[in-house]
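If you want the building blocks of each chain, they are given just below.
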Amino acid sequence: MRLSTRSRYSCRALIDMLVNGAERKPVPLSKIAERQEVSEKYLEQLFIILKKAGIVKSVRGVKGGYVLAKRPDEISMGDILRLTELDISPVDCSKCYRKNRCICRIYWEILGEIIEDYVDSITFDEINRRVKALKSKKMVKAKDKNKNADLIKKINVLKKERNAVVLAHNYQRNEVQEIADYLGDSLDLSRLASKLPQKIIVFSGVRFMAESAKVLAPEKTVLIPRMDAGCPMADMITAEELRAMKKQYPDAKTVCYVNTYADVKAECDICCTSANAVKVVESLKAKKIIFVPDRNLADYVAKQTKKKIIPWEGFCYVHEFIELDEIKKLKKLHPKAVIVVHPETKPEVVKIADYVLSTNGMVKLAKDSKIKEFIIGTEKGLVNRLKRENPKKNFYLPKRKPLCSNMKRIQLEDIYHSLKDMKYEVKMDKGILKKARKSLERMIAIQ
Ligand code: SF4
């Protein structure tokens, strides 16, 4: 069954009437025709049917037109379809000579009942409410846009006045990414912070990232717009816990992922990123390596080295919840797409991936390769960037979008207040800073 223009135009005309107040005052047919871009003559024919059925009433006079003859909650979409279509059942079995022995007939009848129940359950009152909700959503979006434009102006003025620079991680909100002077992963941005001429760094990311920027650029003022932008994975290990682990394995060297706080970095021999973790582990002479805090990255490294990896049981909840089934479903839907995942995803997801890459690695692959379709296993914020930078390529994310709520804490307003009030400055104990710096510098030296 295909709906004809008779039923579709009738529904549109009724919705138009409702939106334009037909419950209170007559709406001229010429106006409906104009707004809906339908011939007035055609509408006249349809309104004869609607009037006969008691759905609308005509009102004569200069301010005349049509009003609803019933309350909108008394008119269903089914009423209109039955009035304007000859038949709304999917198959007309009545004239078929096989109707009494057809094994499918029962199913067509059930399907017909489902369609009838469905269209009868939709009233014009409900449709009207949906239209209004959609309109107000659009208005809120438009308001937000204006507010953002205003904030962006103020941020740019403050950046100039203070000689400041905004660095944003790949997982940040879209609007934050758009105003950032530089985008990247945590280590690249921290290294950049030490090289840039600006003395004030606004780091839009999570706290451990701003700390790394401070460690590598101690002479600069590093601001994080929200102190509560933490990282649940970094929270999973403390310096004290790492000290206890080191005592348990005295002959092991300690590697810590950059996604840790400075006091944990200060306790380890060397840091690593998701891009260089294997290289860092291989660079050490020890046969046993304590690897903290991400167990999935540890597993990924363990599979590529002969050294014994002793993992900490930490994980990133965003990557941990990317399910193998979801990735497989996407692959079925997009068989030409390559699977690209972050090594923080679970081992079974990593196993079926075509590429296991850091966020920067993903940015590079999307830009430099001829591949047109990608199934991405990492935080949604990166996909926004990939789409922006590669508008002709397609990127697919699991249905349940991997979102880090901590990464989304910082909004434009926070960046504005950060610059205006110079808050929140990253400060740390000098001894910790010195030791953490050594761990980071050792890693940088082997790159
Ligand atoms: S994405 Fe994962 S590792 Fe990154 S900040 Fe969020 S919880 Fe931490």
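Residues numbered from 1 in each chain as written. Predicted model: local features only at pLDDT ≥ 70, side-chain atom pairs only at ≥ 80, totals over all residues. Heavy atoms only, no water.

## Let's talk about the side chain of Glu 326
Thinking step 1. Position of Glu 326 among the secondary structure elements: in helix α15 (residues 324-333).
Thinking step 2. Apart from the residues within four sequence positions on either side, Glu 326 is in contact with Pro 398, Lys 399 and Arg 400. (Helix = DSSP H or I, 4+ residues; strand = E, 2+ residues; numbered from the N terminus. Contact = heavy atoms within 4.5 Å.)

## Points about the packing of aromatic side chains
Thinking step 1. Applying the stated criterion across every chain, the model contains 3 aromatic pairs.
Thinking step 2. With a centroid separation of 5.7 Å and an interplanar angle of 80 degrees, the aromatic rings of Tyr 9 and Tyr 42 are classed as edge-to-face. One end of the pair, Tyr 9, is in helix α1 (residues 5-19); the other, Tyr 42, is in helix α3 (residues 40-52), and 33 residues separate them in sequence.
Thinking step 3. On the basis of an interplanar angle of 15 degrees and a centroid distance of 5.0 Å, the ring pair of Phe 374 and Phe 395 is categorised as stacked. With Phe 374 in strand β13 (residues 373-377) and Phe 395 in strand β14 (residues 394-396), the pair connects residues that are 21 residues apart, well separated along the chain. Of the two residues, Phe 374 and Phe 395, both sit in the buried class. (Phe/Tyr/Trp six-rings, centres within 6.5 Å; stacked < 30°, edge-to-face > 60°. Buried < 20%, exposed > 50% of the residue type's maximum accessible area, 1.4 Å probe, protein only.)

## Remarks on helix α8 (residues 186-195)
Thinking step 1. For α8, the full list of buried residues reads Ser 186, Leu 187, Leu 189, Ser 190 and Ala 193. All buried residues of α8 project into a common sector of 165 degrees when viewed along the axis, lining one side.
Thinking step 2. The inward-facing, buried residues of α8 contact β3 (164-169), β4 (182-184), β5 (200-204), α9 (207-216) and α20 (430-445). (Arc of directions from axis to C-beta.)

## Observations regarding the domain arrangement of the protein chain
Thinking step 1. We note that the domain assignment places domain 1 (5-130), domain 2 (139-232 + 404-434), domain 3 (234-315) and domain 4 (319-396) within the protein chain.
Thinking step 2. Relative placement of domain 2 and domain 3: their C-alpha centres are 28 Å apart.
Thinking step 3. On the side of domain 3, 12 residues touch domain 2, which itself brings 12 residues to the contact.
Thinking step 4. Interface area, domain 2 with domain 3, both sides summed: about 960 Å², of which 59% is carbon and sulfur.
Thinking step 5. On the domain 2 side of the contact with domain 3, Phe 208, Pro 232 and Ile 432 bury the most area, a combined 47% of that side's loss.
Thinking step 6. On inspection of domain 2 and its partner domain 3, the count reaches 0 salt bridges.
Thinking step 7. Mapped onto the side of domain 2 that touches domain 3, the elements with two or more residues apiece are α8 and α9.
Thinking step 8. Counting residues per element, the side of domain 2 that touches domain 3 draws most heavily on α9, at 5 residues. (Domains from an automatic or database assignment. Buried area = accessible area lost by both parts, 1.4 Å probe. Salt bridge = Lys/Arg side-chain N within 4 Å of Asp/Glu carboxyl O.)

## With respect to the sheet that holds strand β10 (residues 308-311)
Thinking step 1. The 4 strands lie next to each other as β8-β7-β9-β10, forming an open sheet whose pairing is parallel. A strand with exactly one partner marks an edge of an open sheet, and here the two such strands are β8 (270-272) and β10. Neighbour-to-neighbour, the strand axes of the sheet open up by a mean angle of 30 degrees, direction not taken into account.
Thinking step 2. In this structure, strand β9 (residues 288-292) lies alongside β10, joined through 4 bridges in parallel fashion. Residue pairing across strands places Ile 290 opposite Ile 310, the latter belonging to β10.
Thinking step 3. Against the sheet, helix α10 (residues 239-248) engages β7 (253-257), β9 and β10, with an angle of about 165 degrees to β9.
Thinking step 4. Contacts from helix α13 (residues 295-302) reach β7, β9 and β10 within the one sheet, and its direction differs from that of β10 by about 175 degrees. (Pairing = 2+ DSSP bridges. Axes fitted to C-alpha atoms, helices over the stretch in contact; angles between N-to-C directions.)

## Observations regarding the pattern of salt bridges
Thinking step 1. If you walk through the whole model with that rule in mind, you get 29 salt bridges.
Thinking step 2. The shortest N-O distance in the salt bridge between Arg 130 and Glu 126 comes to 3.5 Å. Here the residue Arg 130 and the residue Glu 126 both occupy positions in helix α6 (residues 124-162), the gap between them amounting to 4 residues, near one helical turn.
Thinking step 3. By relative accessible area, which is 59% here, Arg 130 ends up exposed.
Thinking step 4. Residue Asp 421 is joined to Lys 423 by a salt bridge in which the shortest nitrogen-to-oxygen separation is 4.0 Å.
Thinking step 5. What makes Asp 421 partly exposed here is its relative accessible area of 37%.
Thinking step 6. On the accessibility criterion, Lys 423 (28% relative accessible area) is partly exposed.

## Observations concerning the pairing of β9
Thinking step 1. With 4 of 5 residues buried, β9 is to be regarded as a mostly interior element.
Thinking step 2. With 4 bridges connecting them, β7 and β9 associate as parallel partners. Bridge assignment links Val 255 to a residue of β9, and that residue is Phe 291.
Thinking step 3. Remark: the β9/α13/β10 crossover connection has right-handed handedness. (Right-handed = clockwise from strand over helix to strand, strands pointing away.)

## Concerning helix α18 (residues 380-389)
For an α-helix, the turn length of 3.6 residues means that residues three or four places apart are oriented alike.
Thinking step 1. Regarding α18, the residues found buried are Gly 381, Leu 382, Val 383, Asn 384, Arg 385 and Leu 386.
Thinking step 2. The opening residue of α18 is Glu 379, an N-cap whose side-chain oxygen sits 2.6 Å from the backbone nitrogen of Gly 381. (Polar contact = N/O pair within 3.5 Å; in protein donor to acceptor, adjacent residues only side chain to side chain.)

## What about unusual backbone geometry?
Thinking step 1. Note that the residue after Val 292, namely Pro 293, is joined by a cis bond; omega there is -10 degrees.
Thinking step 2. Relative to the helices and strands, Pro 293 resides in the loop between β9 and α13.
Thinking step 3. With a phi close to 55 degrees, Glu 37 is a non-glycine residue in the positive phi region.
Thinking step 4. On the secondary structure map, Glu 37 appears in the loop between α2 (29-36) and α3.
Thinking step 5. Classification of Glu 37 as exposed rests on a relative accessible area of 72%.

## Remarks on the state of the cysteines
Thinking step 1. What the rule picks out here adds up to 0 disulfides.
Thinking step 2. Cys 93 forms no disulfide, and the closest cysteine sulfur to it belongs to Cys 102, at a distance of 6.2 Å. (Disulfide = S-S within 2.5 Å.)

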